[in-house]
Amino acid sequence: MNSRERHIKITADLGSEEEKCVICHEVPYEPCLCASCEQPFCKMCILNWLCRSTQCPACRKEMDGSKLSVSKFAQRAVNKLQCKCNNEGCSTAGDYSIVMEHNCEYEPTQCTAGCNATFLWKDSTIHYESCLYISTLCDCGSTVKKKDLEGHYKTCSSHMNCLHGCGQIIKRREEFTHSTYSCPNTKTHCTHGPSFQCPWVGLRSDLPTHIESCLFEKMKGFLAGMQLQVSTLKEKVECQSRTITKLNRNVEALHRRIDLLEDEKADLLDRIDCLEQNSEDESVDDNHAHTWSLDVRDYNRFRNRRFIESETFTFDDRQWSMRFYPKSNCVGLALEDSDDGWLDMNVTIVLISGNTDQNDMVTFNYNFGPNTRAVARPLRSGRKISEDPMSAANNFENGTYIQFDLFLSDNDE
Ligand SMILES: [Zn+2]
Ligand SMILES: [Zn+2]
Ligand SMILES: [Zn+2]
Ligand SMILES: [Zn+2]
Ligand SMILES: [Zn+2]
Ligand SMILES: [Zn+2]
Ligand SMILES: [Zn+2]
């Protein structure tokens, strides 16, 4: 805004009266000079003057308004003047141009809305916020000056009187919010109702009186502390119950694992029982004491011996060996050392040879005693093995052999 239009008053330290505009007696604004006397005038002052006169107001000589122009020389002189702002409270001072062009906050200003109020430029916003002559846009779409709003509401389609008789005019669309949260004529709960269950219900206008005597208002600090403690404990309990759930799941998993192991254990016990049963059966039914294989490829070496003897083996805690007598075609049995009395044994020796006709079985009882430690019995077949051992032999991968199977049992049983 142009400072002159805002009528800023400035004072300047003028060297002489001649430098002032003789019409307004101020520092000349946009100075124009008289061609005859060189007296400076404000451009607007002299143009206004020349509407009524054709003479210079200083020297009274004829002046031609159409030839007037702002004097650069005079403007430079004016610009060098030291000035200060005249508005009360403003401290702006310095070169003329600076003071003239500053936006003075202390400039007295009149309301443009029509209320006639005068205020400082800096207070414009405050004034216009409360000025009743300012127009506002009503919800109904009409533009209404604030001072006329109350009258307007009486006919306005988007406003209404509060139905609860509180006397307030409210927007129709805010009726619910008003009666629920702010109308003094509607019922409300004590503000400590939701948090502490104060049972008080009454008109909102009576709430301040109730609060003064409300027990919960007096104890609210204490109660809030308690609530905090309770919620902390709740959190702890929830955390622990989560832990318990987790542990329960672990326990369930362990139970399932135990069940599996129990099943496996039962299986194993069954198998052990079965094995024990088998071994008992074997020990009862099978008196198989020893198998002896005689390699016939060595037969010529022992063909003339009285007997050939197997390696010793253990039966019934005693050391035994089997014998074959080549010349007499007998099989026999020897007890290595029997110093503990008589021993009555059932003996069966089965000869298994390659020729099935040659298979033979010898069965007898024999009482082993201190002086009789060996016994021999003839094979029943007529043909002697010693005559043709190869034809009697079994062929087996690594050798050619005749096999003797011995079955022994104690005769006491
Ligand atoms: Zn003037
Ligand atoms: Zn003049
Ligand atoms: Zn100022
Ligand atoms: Zn106003
Ligand atoms: Zn309206
Ligand atoms: Zn109301
Ligand atoms: Zn209460």
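If you're wondering where the values come from, they're calculated on a predicted model, not measured in any experiment.

## Let's talk about the overall build of the protein
Part 1 of the argument: Counting its regular elements, the protein contains 12 helices and 23 strands.
Part 2 of the argument: Its C-alpha atoms give the protein a radius of gyration of 70 Å, clearly above 22 Å, the size a compact globule of 413 residues would have.
Part 3 of the argument: When the 413 residues of the protein are sorted by exposure, 13% land in the buried category.
Part 4 of the argument: Look at the contacts in the protein between residues 6 or more apart in sequence, and 39% of them connect residues 24 or more apart.

## Quick word on the UniProt feature "coiled-coil region" (unreviewed entry) in the protein
Part 1 of the argument: Mapped onto the present numbering, the UniProt feature "coiled-coil region" (unreviewed entry) falls at residues 230-278.
Part 2 of the argument: For residues 230-278, the helix share is 100%, the strand share is 0%, and the end-to-end C-alpha distance is 70 Å.

## Some details on the UniProt feature "domain: RING-type" (unreviewed entry) in the protein
Part 1 of the argument: When the UniProt feature table is mapped onto this chain, "domain: RING-type" (unreviewed entry) is found at residues 21-60.
Part 2 of the argument: Its end C-alpha atoms 15 Å apart, residues 21-60 is made of 25% helix and 15% strand.

## With respect to the nonpolar core
Note that soluble globular proteins tend to have their nonpolar side chains buried in a common cluster.
Part 1 of the argument: Judged by nonpolar contacts, the single largest core of 23 residues is most densely connected at Leu294, Val296, Val331, Ile349, Leu351, Ile402 and Phe404.
Part 2 of the argument: Those elements that provide at least two residues to this core are strand E14 (288-295), strand E17 (318-325), strand E18 (330-335), strand E19 (343-352) and strand E23 (399-410).

## A short note on unusual backbone geometry
Part 1 of the argument: Of note, the phi angle at Glu30 is positive, near 50°, even though the residue is not glycine.
Part 2 of the argument: Tracing the backbone through its elements, the reader meets Glu30 in the loop between strand E1 (10-12) and strand E2 (31-33).
Part 3 of the argument: Residue Gln197 is not a glycine yet carries a positive backbone phi of 60°.
Part 4 of the argument: By the element assignment, Gln197 lies in the loop between helix H7 (193-196) and strand E13 (201-203).

Criteria and thresholds
Residues numbered from 1 in each chain as written. Chains lettered and ligands numbered in written order. Predicted model: local features only at pLDDT ≥ 70, side-chain atom pairs only at ≥ 80, totals over all residues. Helix = DSSP H or I, 4+ residues; strand = E, 2+ residues; numbered from the N terminus. Rg over C-alpha atoms; globule rule 2.2 N^0.38 Å. Buried ≥ 20, exposed ≤ 12 C-beta atoms within 10 Å, placed from the backbone. Contact = placed C-beta atoms within 7 Å. UniProt positions renumbered as here; feature names shortened; annotations may be inferred. Core = buried A, V, L, I, M, F, W, Y, C linked by C-beta atoms within 7 Å.

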